[in-house]
Amino acid sequence: MENNERFDLILPEDSFEPLESGKTTAKAVPSSPRLSFTQDSWRRLKKNKGAVISLCVLLFVASVAILAGWISPQDPNKQSLLYVNLPPKIPGVSLYGFNGWGIVSGERVDIYTAKNVPENVYFYLGTDALGRDELSRLLFGIRMSLIIAVLAAVIDLGIGVAYGLFSGVCGGVADTVMQRILEILSGIPTLVIMILMLTIFDPGLLSIVFAMIITGWVNMARVVRAQTLKIKEQEYVYAATVLGASRLNIALRHILPNIAGVIIVQLMFSIPTAIFFEAFLSFIGLGLKPPIASLGTLLNEGYKTFRFLPHLMWVPAAALSVMMICFNLLADGMRDAFDPKTKE
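Residues numbered from 1 in each chain as written. Predicted model: local features only at pLDDT ≥ 70, side-chain atom pairs only at ≥ 80, totals over all residues. Heavy atoms only, no water.

1. A few points about helix H9 (residues 205-216)
Step number 1: Relative to the 16 Å expected for 12 residues at 1.5 Å per residue, H9 spans 16 Å between its end C-alpha atoms, a close match to the ideal helical length.
Step number 2: For H9, every residue scored as buried is listed here: Ser207, Ile208, Val209, Ala211, Met212, Ile213 and Thr215.
Step number 3: Structurally, H9 contributes buried residues whose contacts are with helix H6 (134-170), helix H7 (172-186), helix H8 (190-200), helix H10 (218-231) and helix H13 (260-283). (Helix = DSSP H or I, 4+ residues; strand = E, 2+ residues; numbered from the N terminus. Expected span 1.5 Å × (residues − 1). Buried < 20%, exposed > 50% of the residue type's maximum accessible area, 1.4 Å probe, protein only. Contact = heavy atoms within 4.5 Å.)

As structure tokens, this is what we get:
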């Protein structure tokens, strides 16, 4: 069979029609819009309901902490001996535990009436042994704990990222020496270092933050170094090296942007750790000192009256637990969103 006969069988002439004037051919439309790395990560994060709920809770907690000075019912350090150890009372709520009633000598008694508290005076979370409003102290305590945790985490981020990047980019003898230093620091228990530092320095915000950052940056440095060594083997890094880019330029322009997701996730994991350490140190009396309110100092004050005023300990304990759970759930969700392979 000749070539022209084959073409006639496959594509007959009557199957072609001239294109009418004014008409254009249809353009190919992509099946889905193009997404940047941030948009794609946010799309995956929204699928994780636990992470989204945790993000909303943390945003609410952060907003409350920032606005504590304006929304606080009273001065957190104001003492009133007339209103000592009052139970919670919420207007319009008759549920026991939130209606101002308590147990005295084995019987339920209206504590507010017994202590002649005016009808228009309410303490939504009760008062402590010095008559201070527990809700106000909780708001300021959450703010203080978040300030310490975020400040310590940010400083750890700066030191750890710089140390890890330098170690991974330089390699060789410098990397070996720097890693031996990390092994020495990681071999010393973090809690022991914190206790020793706080026994040397006067207790306070800066002392706690300084005690946390002594070894807190080690994990960040290790993660950044591992990711740097991985990115160094990519072709675009070799191309930049061949074109004469300096190590600093490669680290800041090619490596750091590609490990930003891992750094953010590690930062989110370090914040709840710092919150726990602050609460623990303040609880055992080595952290913030009264009358400064933090979750640790509230727990320290609450456990002393736990048997007959349990809410003074349950409320800050619940706040601490919710914050730590939300931070960890959000960090897990961000890790899966930034790097879906880790979930597999």
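2. Brief notes about the pairing of strand E1 (residues 101-104)
Step number 1: Inspection of the sheet shows E1 paired to strand E2 (residues 107-110) by 4 bridges, in the antiparallel sense. Following the sheet pairing, Gly102 is matched in E2 by Val109.
Step number 2: Turn length for the E1-E2 hairpin, with the two strands adjacent in sequence and antiparallel, is 2 residues, and the turn residue Ser105 shows positive phi of about 55°. (Pairing = 2+ DSSP bridges.)

3. Topic: helix H2 (residues 37-47)
Step number 1: Every buried residue of H2 is accounted for by Asp40, Ser41 and Leu45. Angular distribution of buried residues about the axis of H2 spans 140°; they occupy a single face of the element.
Step number 2: For H2, the secondary structure elements touched by its buried residues are helix H3 (49-66) and helix H15 (311-338). (Arc of directions from axis to C-beta.)

4. Section: a nonpolar patch on the surface
Step number 1: Residues Ile66, Leu67, Trp70 and Ile71 make up a contiguous nonpolar surface patch of about 480 Å² in total accessible area.
Step number 2: Considering the arrangement of structural elements, one finds Trp70 in helix H4 (residues 68-71). (Patch = residues over 30% accessible without salt bridge, like charges linked within 9 Å, V, L, I, M, F, W, Y side chains within 5 Å. Areas by Shrake-Rupley, 256 points an atom, 1.4 Å probe, with all protein chains shown as cover. Salt bridge = Lys/Arg side-chain N within 4 Å of Asp/Glu carboxyl O.)

5. Observations concerning the nonpolar core
Step number 1: Judged by nonpolar contacts, the single largest core of 46 residues is most densely connected at Leu138, Ile142, Leu146, Met212 and Ile275.
Step number 2: The set of elements that each furnish at least two residues to this core consists of H3, H6, H8, H9, H13, helix H14 (295-302) and H15.
Step number 3: Of all the elements, H15 adds the most residues to this core, at 10 residues.
Step number 4: Leave out the neighbours within four places in its chain, and Met212 touches Ile148, Ala152, Asp156, Met194, Ala274, Phe277 and Glu278. (Core = buried A, V, L, I, M, F, W, Y, C linked by side-chain atoms within 4.5 Å.)

6. Details of the layout of surface pockets
Vacant regions in the atomic arrangement are exposed by a probe of water-molecule size rolled over the atoms.
Step number 1: In this structure, the largest pocket encloses a volume near 490 Å³.
Step number 2: Lining the largest pocket are 21 residues, with Pro87, Trp101, Gly102, Phe308 and Leu309 positioned closest to its centre.
Step number 3: Residue assignment for the lining of the largest pocket shows that the elements contributing at least two residues are E1, helix H5 (111-114) and H15.
Step number 4: Classifying every residue of the lining of the largest pocket gives 15 nonpolar, 4 polar and 2 charged. (1 Å grid on protein atoms, 1.4 Å probe; cavity = no way out; pocket = protein on both sides within 12 Å on 5 of 7 lines; lining within 4 Å. Points joined across faces, edges and corners; volume = space filled by probe spheres on them. Nonpolar A, V, L, I, M, F, W, Y, C, P; charged D, E, K, R; others polar.)

7. Notes on the side chain of Ser54
Step number 1: As for its position among the elements, Ser54 is in helix H3.
Step number 2: Ser54 sits in the buried class, given a relative accessible area of 2%.
Step number 3: For Ser54, the residues in contact, after removing those within four places along its chain, are Cys326, Leu329 and Leu330.

8. Here's the deal with the side chain of His311
Step number 1: Of note, His311 is situated in helix H15.
Step number 2: Those residues in contact with His311 that sit more than four places away from it in its chain are Leu86, Pro87, Pro88, Leu125, Gly126, Thr127 and Pro316.

9. Structural notes on the packing of aromatic side chains
Step number 1: For the structure shown, the criterion picks out 6 aromatic pairs.
Step number 2: What links up through ring pairs into an aromatic cluster is the set Phe276, Phe277 and Phe280.
Step number 3: For Arg108, the ring lying beneath its charged end belongs to Tyr96, and the centroid distance is 3.9 Å. (Phe/Tyr/Trp six-rings, centres within 6.5 Å; stacked < 30°, edge-to-face > 60°. Lys NZ or Arg CZ within 6 Å of the ring centre and 35° of its normal.)

10. Looking at the environment of Phe98
Step number 1: The residue Phe98 is located in the loop between H4 and E1 in this model.
Step number 2: The exposure class assigned to Phe98 is partly exposed, which follows from its relative accessible area of 36%.
Step number 3: Once the C-alpha coordinates of Phe98 and Phe123 are considered, the two residues, 25 residues apart in sequence, prove to be 9.6 Å apart.
Step number 4: Residue contacts for Phe98: discarding those within four places in its chain leaves Pro88, Lys89, Ile90 and Val93.

11. Some points on unusual backbone geometry
Step number 1: Positive phi values are uncommon outside glycine, yet Asn85 reaches one of about 55°.
Step number 2: Along the chain, Asn85 falls in the loop between H4 and E1.
Step number 3: Residues other than glycine seldom take positive phi values, yet Asn116 does so here, at roughly 55°.
Step number 4: Here Asn116 shows up in the loop between H5 and H6.
Step number 5: By relative accessible area, which is 66% here, Asn116 ends up exposed.

12. Describing the environment of Phe123
Step number 1: The topology assignment puts Phe123 in the loop between H5 and H6.
Step number 2: By relative accessible area, Phe123 is classed as buried at 1%.
Step number 3: Sequence separation of Phe123 and Glu134 is 11 residues, and the distance between their C-alpha atoms is 7.7 Å.
Step number 4: In contact with Phe123, not counting residues within four places along its chain, are Gln74, Tyr83, Leu86, Pro87, Pro88, Lys89, Tyr112 and Asp133.

13. Brief notes about the pattern of salt bridges
Step number 1: In the structure shown here, the tally under the stated rule is 8 salt bridges.
Step number 2: For Arg43, the salt bridge is made with Asp40, and the minimal N-O distance between the two is 2.5 Å. Taken together, the residues Arg43 and Asp40, both in helix H2 and 3 residues apart, mark about one turn of the helix.
Step number 3: Two residues, Asp175 and Arg225, come together in a salt bridge whose shortest N-O distance is 2.7 Å. On the criterion of sequence distance, the pair formed by Asp175 in helix H7 and Arg225 in helix H10 is long-range, its members being 50 residues apart.
Step number 4: Residue Asp175 is classed as buried on the basis of its relative accessible area of 9%.
Step number 5: One connected set of salt bridges, linked through shared partners, spans Asp128, Arg132, Arg137 and Glu301.

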